[in-house]
Amino acid sequence: MEYIIDYDPFVPVGIDIELLLSIENKIRNNCDLTAEEAKMFLDNLSYLVRYKINPNLNDYTYKCDLAQSILYYYFMGLGCKVILNATQNAIMQNIEGHNFLVLELNVSGEKRLFLIDPTYVQFFKKEDCVKEKYIIINDIAVITPKPGYFIKVDEQEYAKYLLRYGNIILNEEIAMMYGNSFYNTKVGECYHSIDNAHTFKSMPGSVYIRAFSKNNCAVSKTKEELNQMGFTIESISEIEEIITPKL
């Protein structure tokens, strides 16, 4: 599968399971993490979720609600503040629908927000991110390219990081990149031509952060349903069944 941004999905090598369990316990007890601990933990957790959904790590089409449900119940089990988001509720109607999470952790003496989205890469397939994907009928845009098409050149490193790791610190720059990628998929407007439809629309990152900081959807799966499907995560230690521990 080809993507418009070349990336390699993160795959942990030689994991330190005792360290991961120690970080998990810190989170459970609402303790402060270092930036390195937060990154290590979230990177490994995102990998575990991706692996459970698709061990080939190469396609997550229509899997965002499943990933959101898995992560939600896991984070709730740790007592975290986790915020459920759906793009059509957080940003506006008539745009590409997608579910994701915002997580709050204590990091380096402050509350820090993280955008958690292991399946964002589904919107970066080359065939879906071309101008020819615009369909305009009677001057109204009815189909647009996928969100990846709207990532600006100076935002590509941010996007590449999110595609690789499935999570990223949520600041105004990241929020604007992420939010605008969905905002520009809006349909139902009068554009008259593809060139007019291609005019880039933007909102400030602060606006997106406020929107993303409020629960605006519900999980699509119950924990019982996830259990029956074999998709729950009870502990980060489950990664040990997939990756060889560090000796």
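See the structure printed just above.
Below or above, wherever it landed, is the structure these notes cover. (Residues numbered from 1 in each chain as written. Predicted model: local features only at pLDDT ≥ 70, side-chain atom pairs only at ≥ 80, totals over all residues. Heavy atoms only, no water.)

## Some remarks on the nonpolar core
Consideration 1: Phe41 and Phe75 are the most contacted members of the largest nonpolar core, which totals 71 residues.
Consideration 2: Ranked by residue count, the leading element in this core is helix α2 (residues 35-53), at eight residues.
Consideration 3: Apart from the residues lying within four places of it in its own chain, the contact partners of Phe41 are Leu20, Ile23, Glu24, Ile27, Tyr74, Leu78 and Ile236. (Core = buried A, V, L, I, M, F, W, Y, C linked by side-chain atoms within 4.5 Å. Buried < 20%, exposed > 50% of the residue type's maximum accessible area, 1.4 Å probe, protein only. Helix = DSSP H or I, 4+ residues; strand = E, 2+ residues; numbered from the N terminus. Contact = heavy atoms within 4.5 Å.)

## Let's talk about the pattern of salt bridges
Consideration 1: One pass over the full model with this rule turns up nine salt bridges.
Consideration 2: Across the salt bridge formed by Lys125 and Asp59, the nearest N and O atoms sit 3.5 Å from each other. Taken together, the residues span a long stretch of sequence, with Lys125 in the loop between β3 (110-116) and β4 (135-137) and Asp59 in the loop between α2 and α3 (64-77) at a distance of 66 residues.
Consideration 3: On the basis of relative accessibility, which here comes to 11%, the residue Lys125 falls in the buried class. (Salt bridge = Lys/Arg side-chain N within 4 Å of Asp/Glu carboxyl O.)

## Topic: the pairing of β3
Consideration 1: Direction of pairing for strand β2 (residues 99-107) relative to β3: antiparallel, over a ladder of seven bridges. Each bridged residue has a counterpart across the sheet, and for Leu103 the counterpart in β3 is Phe114.
Consideration 2: Between β2 and β3, which pair antiparallel and follow one another directly, the connecting turn spans two residues, one of which, Ser108, has a positive phi of 50°. (Pairing = 2+ DSSP bridges.)

## Re α3
Consideration 1: If you check α3, its first and last C-alpha atoms are 20 Å apart, about what 14 residues at 1.5 Å a residue would give, namely 20 Å.
Consideration 2: Burial runs high along α3: ten of the 14 residues are buried.
Consideration 3: Every buried residue of α3 is accounted for by Cys64, Leu66, Ala67, Gln68, Ser69, Ile70, Leu71, Tyr72, Tyr74 and Phe75.
Consideration 4: Where the residues of α3 are buried, they touch α1 (17-28), α2, β1 (81-86), β2, β3 and α9 (223-229).
Consideration 5: Where α3 ends, the next residue or the one after it, Gly79, has phi of about 80°, a positive value. (Expected span 1.5 Å × (residues − 1).)

## Considerations on α1
Consideration 1: Compared with the 16 Å implied by 1.5 Å per residue over twelve residues, the 16 Å span of α1 between its first and last C-alpha is a close match.
Consideration 2: Inspection of α1 places Ile17, Leu20, Ile23, Glu24 and Ile27 among the buried residues, and these make up the whole buried set. End-on view of α1: buried residues confined to an arc of 125°, all on one side of the axis.
Consideration 3: Looking at the buried side of α1, the elements it contacts are α2, α3 and β2.
Consideration 4: Asn30 occupies a position one or two residues after α1 and carries a positive phi of about 60°. (Arc of directions from axis to C-beta.)

## A closer look at the sheet that holds β2
Consideration 1: Taken together, four strands build an open sheet; the order of strands is β1-β2-β3-β6 and the sheet is antiparallel. Each end of this open sheet is capped by a strand with a single partner; those strands are β1 and β6 (167-169). Direction aside, neighbouring strands of the sheet carry axes that sit 25° apart on average.
Consideration 2: Packing against the sheet, α3 makes contact with β1, β2 and β3, and its axis sits at approximately 30° to β2.
Consideration 3: On the sheet, helix α8 (residues 205-212) packs against β1, β2 and β3 and is oriented at approximately 110° with respect to β1. (Axes fitted to C-alpha atoms, helices over the stretch in contact; angles between N-to-C directions.)

## Quick word on a nonpolar patch on the surface
Consideration 1: On the surface, Ile135, Ile137, Val142 and Ile143 cluster together to form a nonpolar patch covering roughly 310 Å² of accessible area.
Consideration 2: If you list the elements that add at least two residues to the nonpolar patch, you get β4 and β5 (140-143).
Consideration 3: Looking at the secondary structure, you find Ile137 in strand β4. (Patch = residues over 30% accessible without salt bridge, like charges linked within 9 Å, V, L, I, M, F, W, Y side chains within 5 Å. Areas by Shrake-Rupley, 256 points an atom, 1.4 Å probe, with all protein chains shown as cover.)

## Description of the packing of aromatic side chains
Consideration 1: Taken as a whole and judged by the stated rule, the model has 19 aromatic pairs.
Consideration 2: Pairing Phe41 with Tyr74 gives two aromatic rings, centres 6.4 Å apart and planes at 25°, and the pair type is stacked. In this pair, Phe41 is assigned in helix α2 and Tyr74 in helix α3, connecting sequence segments 33 residues apart.
Consideration 3: Residue Tyr74 is classed as buried on the basis of its relative accessible area of 3%.
Consideration 4: A cation sits over an aromatic face here: Lys39 above Tyr165, 3.7 Å from the ring centre. (Phe/Tyr/Trp six-rings, centres within 6.5 Å; stacked < 30°, edge-to-face > 60°. Lys NZ or Arg CZ within 6 Å of the ring centre and 35° of its normal.)

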